[in-house]
Amino acid sequence: MSDRPVILFMFAGRRQNMRVNLPLIRRIVEENPRVQFDIWNLARSAEDAEWLKPLTGERTRVLNYFAGPRADRRLNKVWQHYANRQYQDHLFVKIDDDVVFIDTDKFGEFVDQVELNPERILSAEVVNNGACTEFMPELWKQFLKLDIPLLDVHESNKYAAFAHEFLFDNWRDLVARPTALAEIETWLSINFIGLDWRMLALLNNQIGRRSPEWIADRQWRPGSRVGDEGAANLFPRSVMTGFTVGHLGFGPQKLTARQETSWCKGYAKIAELYLSGVRKPDSVSQS
């Protein structure tokens, strides 16, 4: 992996999700000594906020600068924090707290491509992410049956359901694939992205500005302001196919409590098998 320092940062934190992803992230930190893991305490509930506080460890810190009521509305301040020139030698990987699977073996390769492509924002190949759907033929086939625009998958509970079943049934084959970079022009949901400091500063500079009428085929009402995801879609984007990441859900997908609990259990089982090196062809479906 690159010799440059890397900050892996998360907008945290929902306990149910983080209990699944923390073992995977700890593997990344253990195997990549240049990685610093920053957990930003932006929890919506006081209970989740308290749960986060003792998670500090080797090259892992919990940052409470913006914690408190409505902390989840302060994520733009995190981008501003890293846009400071003190971080200009760093590479960055931003991760959502509901990322529930990571092919940790390819994390270093992902970071290397971030360094080699400073003019682009790089995404993992994220399951349950519209822009990444086309790179997984079986998932694409299921999507076409929905007969909805690709930009609307973030509102489809059915899409979430078959995306997760797809990953449960095929994760071993997915992580065995080689990687490649694919340029995209479609809207990218920024569940797991990498970028260098200069690109992060450019992205940060767009946040809060008046939105153009169109960004990546999405139309915006007059007077709209650019958020971090909109800002990311103003720049060239690529997906690193073969680097598999699982994303639990978007708010408008309206996951039920039963779905979230069941799917988190499924991903916890996958993580246990993956981290232990077990790759037997059995299903972990949690339907």
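First, a word on scope: everything that follows refers to the structure included in this document. (Residues numbered from 1 in each chain as written. Predicted model: local features only at pLDDT ≥ 70, side-chain atom pairs only at ≥ 80, totals over all residues. Heavy atoms only, no water.)

**Topic: the overall build of the protein chain**
Reasoning step 1: Helix and strand counts for the protein chain stand at nine helices and 11 strands.
Reasoning step 2: Here the C-alpha radius of gyration of the protein chain, 18 Å, is about what a compact globule of 287 residues would show, namely 19 Å.
Reasoning step 3: With respect to the three principal axes, the spread of C-alpha positions in the protein chain is 50 × 45 × 40 Å.
Reasoning step 4: In the protein chain, which comprises 287 residues, the share counted as buried stands at 55%.
Reasoning step 5: Of the roughly 13,100 Å² of accessible surface on the protein chain, 47% is carried by carbon and sulfur atoms.
Reasoning step 6: Computing the positive centroid from 37 side-chain charges and the negative centroid from 38, the protein chain places the two 6 Å apart. (Helix = DSSP H or I, 4+ residues; strand = E, 2+ residues; numbered from the N terminus. Rg over C-alpha atoms; globule rule 2.2 N^0.38 Å. Buried < 20%, exposed > 50% of the residue type's maximum accessible area, 1.4 Å probe, protein only. Areas by Shrake-Rupley, 256 points an atom, 1.4 Å probe, with all protein chains shown as cover. Lys, Arg positive; Asp, Glu negative; His and termini not counted. Charge placed at Lys NZ, Arg CZ, Asp CG, Glu CD.)

**Here we look at the packing of helix α3 (residues 75-82) against helix α7 (residues 197-206)**
Reasoning step 1: One way to put it is that α3 packs onto α7 with a least axis distance of 9 Å and a crossing angle of 140°. Judged on the interaxial angle alone, α7 and α3 are oblique. When you trace α3 past α7, the crossing you get is left-handed. On the side of α3, the interface is formed by Asn76, Trp79, Gln80 and Tyr82, while α7 contributes Trp197, Leu200, Leu203 and Asn204.
Reasoning step 2: The class makeup of the residues in the contact of α3 with α7 is five nonpolar, three polar and no charged. (Axes fitted to C-alpha atoms, helices over the stretch in contact; angles between N-to-C directions. Parallel < 35°, antiparallel > 145°, perpendicular 65-115°, else oblique. Left-handed = near helix turned anticlockwise from the far one by under 90°. Contact = heavy atoms within 4.5 Å. Nonpolar A, V, L, I, M, F, W, Y, C, P; charged D, E, K, R; others polar.)

**A short note on the nonpolar core**
Reasoning step 1: Ranked by internal contacts, the top residues of the largest apolar core, which has 97 residues, are Trp79, Tyr82, Ile102 and Phe192.
Reasoning step 2: Top element by residues in this core is helix α6 (residues 157-175). It accounts for 10 residues.
Reasoning step 3: The contact partners of Ile102, leaving out residues within four places of it in the chain, are Leu24, Ile25, Ile28, Ile95, Phe192, Phe243, Thr244, Val245 and Tyr274. (Core = buried A, V, L, I, M, F, W, Y, C linked by side-chain atoms within 4.5 Å.)

**Topic: the packing of aromatic side chains**
Reasoning step 1: The full count for this structure, using the stated rule, is 22 aromatic pairs.
Reasoning step 2: Note on Phe9 and Tyr82: the rings are 4.8 Å apart at their centroids and 45° apart in plane angle, and the pair reads as tilted. Highlighted residues: Phe9 in strand β1 (residues 6-12) and Tyr82 in helix α3, separated in sequence by 73 residues.
Reasoning step 3: A cation sits over an aromatic face here: Arg218 above Trp187, 4.7 Å from the ring centre. (Phe/Tyr/Trp six-rings, centres within 6.5 Å; stacked < 30°, edge-to-face > 60°. Lys NZ or Arg CZ within 6 Å of the ring centre and 35° of its normal.)

**Side note on the environment of Gly108**
Reasoning step 1: Looking at the element boundaries, Gly108 is found in helix α4 (residues 107-116).
Reasoning step 2: The class for Gly108 is buried, based on a relative accessible area of 12%.
Reasoning step 3: It is 4.7 Å that separates the C-alpha atoms of Gly108 and Met1, two residues lying 107 residues apart in sequence.
Reasoning step 4: With residues up to four places along the chain from it excluded, the contact list for Gly108 reads Met1 and Asn32.

**Considering the side chain of Gln253**
Reasoning step 1: Mapped onto the fold, Gln253 is located in the loop between β11 (237-247) and α9 (257-276).
Reasoning step 2: Gln253 sits in the buried class, given a relative accessible area of 1%.
Reasoning step 3: In this structure Gln253 touches Asn128, Val153, His154, Glu155, Ser156, Asn157, Tyr159, Ala160 and Leu248, once residues within four positions along its chain are discounted.

**What to know about α7**
Reasoning step 1: Looking at α7, one finds that the buried residues are Trp197, Met199, Leu200, Ala201, Leu203 and Asn204.
Reasoning step 2: Against the buried residues of α7 lie α3, β4 (91-96), β6 (121-127), β8 (192-196) and α8 (228-232).
Reasoning step 3: The positive-phi residue at the C-terminal boundary of α7 is Gly208, with phi of around 90°.

**Here's the deal with unusual backbone geometry**
Reasoning step 1: Here the bond from Ala12 into Gly13 is cis, since omega is 5°, no more than 30 degrees from zero.
Reasoning step 2: Tracing the backbone through its elements, the reader meets Gly13 in the loop between β1 and α1 (15-31).
Reasoning step 3: Here Ala216, not a glycine, exhibits a phi torsion of approximately 50°, which is positive.
Reasoning step 4: Looking at the element boundaries, Ala216 is found in the loop between β9 (214-215) and β10 (218-219).
Reasoning step 5: Looking at Ala216, the relative accessible area reads 17%, which means it is buried.

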